Amino acid sequence: MNALSDRPDRYGLVSRTFHWGMAALFAVQFLSAAAHWALPRENALRETLWGSHSALGTTLFLLVLLRGLWGLANIPQRPPHSGAAGQAALLGHVAIYLLMVLVPAVRLLAAAGGTRGFSYLGIPVFPARETAIAWMQAPAEWHGELGWILALVVLGHIAMATVWHRLIQRDNVLQRMT
Ligand code: HEM
Ligand code: HEM
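Residues numbered from 1 in each chain as written. Chains lettered and ligands numbered in written order. Predicted model: local features only at pLDDT ≥ 70, side-chain atom pairs only at ≥ 80, totals over all residues. Heavy atoms only, no water.

### A short note on the environment of W37
Filter applied, for reference: Counting from the N terminus, the helices are the DSSP runs of H or I reaching at least four residues and the strands are the DSSP runs of E reaching at least two. Think of it in three bands: residues with accessible area under 20% of the maximum for their type are buried, residues over 50% are exposed, and the middle band is partly exposed, with areas taken using a 1.4 Å probe on protein chains only.
Following the sequence through the fold, W37 ends up in helix α1 (residues 13-38). We classify W37 as exposed; its relative accessible area is 70%. Considered as a pair, W37 and G144 are 107 residues apart in the sequence and their alpha carbons are 9.7 Å apart.

Below, the structure written as structure tokens:
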């Protein structure tokens, strides 16, 4: 259990697997969004990437819920974030979590209140409605914008971990997640 759980000097195997596994899946998810934004409809690469956007986004939504629960269960023994800079980093992590939940959640809410129905990996989740429910559709207007904000915040996060901690401060912050 020890190697699986977080410790004050290091994130455990479960947290590290969530972190790096989801980082790879997010890279694909942002690629598909970029392809949707930048390439014409008939482009084959766009079609391939975009074809899995909803399913991968739903997978990420389920994974972030599990990861959040695991993080909460490990709070007493997680690596500390002391001082003003540490608290700012913690706030940054909370912002990433909020966006990781909110971005897919607004689209899933729209699917739940929409006329097309929604299936995940072939399993019917939301049946098609006769008429769409307006309040369930409204937050999805912000899905793309919130998704790009998440991408920017994550770019800042990567810069802080690699340039600030690894190259400038030369502390052990990157090692505790690797
Ligand atoms: C964490 C997961 C997700 C991320 C990071 C994400 C990100 C994005 C981004 C950045 C865009 C804008 C693309 C553009 O500018 O053309 C977008 C569009 C879209 N996404 Fe997602 N998405 C996620 C999950 C989902 C899910 C779960 C669904 C469906 C159930 C979905 C459906 C769509 C649709 C239909 C669009 C095009 C319309 C729009 O911009 O709202 N996404 N997504
Ligand atoms: C090359 C890419 C990345 C690097 C080098 C990196 C590095 C790190 C490091 C070193 C930590 C530990 C920081 C600390 O303890 O204060 C961390 C934590 C974290 N990272 Fe990343 N990260 C990357 C990508 C991502 C991505 C793509 C996401 C989410 C979309 C993400 C979300 C988080 C979150 C939420 C935490 C807080 C700990 C947790 O609950 O998992 N990271 N990252």
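### Here's the deal with the site of ligand 1
How we decide: To be near a molecule or strand, a residue needs just one of its heavy atoms within 4 Å of it. We define a polar contact as two N or O atoms separated by no more than 3.5 Å, with the added condition that, inside protein, one atom must be a possible hydrogen donor and the other a possible acceptor, whereas residues neighbouring each other in sequence contribute only through side-chain atom pairs. A 1.4 Å probe that fits into a set of points on a 1 Å grid over the protein atoms alone but cannot get out defines a cavity; an open set with protein on both sides within 12 Å along at least five of seven lines defines a pocket, and lining residues are those with an atom within 4 Å of a point. Pocket occupancy is defined atom-wise: a molecule lies in a cavity or pocket when more than half of its atoms are within 2 Å of its grid points.
What surrounds ligand 1 is a group of 20 residues, the closest being H36, H53, R107, H143 and W148. In this structure, R107 approaches ligand 1 through a side-chain N or O atom, which is 2.9 Å from an oxygen atom. In this structure, W148 approaches ligand 1 through a side-chain N or O atom, which is 3.1 Å from an oxygen atom. More than half of the atoms of ligand 1 fall within 2 Å of the grid points belonging to the second largest pocket. Counting residues per element, the ones that place at least two in the shell around ligand 1 are α1, α3 (53-73), α4 (83-112) and α6 (143-169).

### Points about the side chain of R176
Heads up, the condition is: We treat Lys and Arg as the positive residues and Asp and Glu as the negative residues; His and chain ends play no part in the count. Salt bridge, as applied in this entry: a Lys or Arg side-chain nitrogen positioned within 4 Å of an Asp or Glu carboxyl oxygen. Residue contacts are defined here by distance: any two heavy atoms, one from each residue, within 4.5 Å place the two residues in contact.
Mapped onto the secondary structure, R176 falls in the segment after α6. Salt bridges are absent for the buried R176, whose nearest opposite-charge side chain, D171, sits at 7.6 Å. The residues contacting R176, other than those within four sequence positions of it, are D9, R10, Y11, R16, P79, P80 and H81.

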